[in-house]
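If you want the building blocks of each chain, they are given just below.
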Amino acid sequence: MFGLSELAIILIVVIAVLGAKKLPELARSAGKSARILKAEARAAKEEERAEQAREQGLQPEAPRVIRGETVTRDTAADGRP
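The structure presented is a predicted model; accordingly, all values stated were derived computationally and were not measured.

Participant: Help me out: how do you make sense of the overall build of the protein in this one?
Facilitator: Scanning the protein from terminus to terminus reveals 2 helices and 0 strands. Accessible surface, the protein as shown: approximately 8000 Å² in total, 59% of it carbon and sulfur.

The following block contains the structure:
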């Protein structure tokens, strides 16, 4: 019978052959998700630093601008325009 490494190779080949059309889209989506996660982690870290600065009575740093996609809000959170 097949070992684990052989089954993994066969599975990778099958996914590559059957999902060749979807792979670029999936890779793009994974990249966007990774960038969003990284930006959110940075923002949380900056927020934590600002909170610590406020607790110590210091002036927090100016917010950093993170370049990325521009998102426009058509409606408020409660559904009003």
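Participant: In this structure, what is going on with the pattern of salt bridges? I would like to understand it.
Facilitator: Oppositely charged side chains are able to pair whenever their charged atoms sit close together. Across all of its chains, the model carries 2 salt bridges by this definition. Of the charged contacts, one joins Arg49 and Glu46 as a salt bridge, the two residues approaching to 3.0 Å between their closest N and O atoms. Placement of the pair is Arg49 and Glu46 together in helix H2 (residues 23–55), with a separation of 3 residues, close to one helical turn. Classification of Arg49 by relative accessible area gives partly exposed; the value is 45%. Its relative accessible area of 24% is what places Glu46 among the partly exposed residues. Measuring nitrogen to oxygen at the nearest pair gives 2.8 Å for the salt bridge that ties Glu51 to Arg54. With Glu51 and Arg54 both in helix H2 and 3 residues apart, this pair spans about one turn of that helix. Accessibility expressed as a relative area gives 37% for Glu51, which makes it partly exposed. For Arg54, a relative accessible area of 49% puts it in the partly exposed group.

Participant: Would you mind showing me how to read H2 here?
Facilitator: Every α-helix winds through 3.6 residues per turn, so residues three or four apart in the chain are directed the same way. Its 33 residues give H2 an end-to-end C-alpha distance of 48 Å, which sits within 8% of 48 Å, the value for a rise of 1.5 Å per residue. Looking one or two places after H2, you find Gly57, whose phi comes out positive at around 80°.

What counts, and where the lines are drawn
Residues numbered from 1 in each chain as written. Predicted model: local features only at pLDDT ≥ 70, side-chain atom pairs only at ≥ 80, totals over all residues. Heavy atoms only, no water. Helix = DSSP H or I, 4+ residues; strand = E, 2+ residues; numbered from the N terminus. Areas by Shrake-Rupley, 256 points an atom, 1.4 Å probe, with all protein chains shown as cover. Salt bridge = Lys/Arg side-chain N within 4 Å of Asp/Glu carboxyl O. Buried < 20%, exposed > 50% of the residue type's maximum accessible area, 1.4 Å probe, protein only. Expected span 1.5 Å × (residues − 1).

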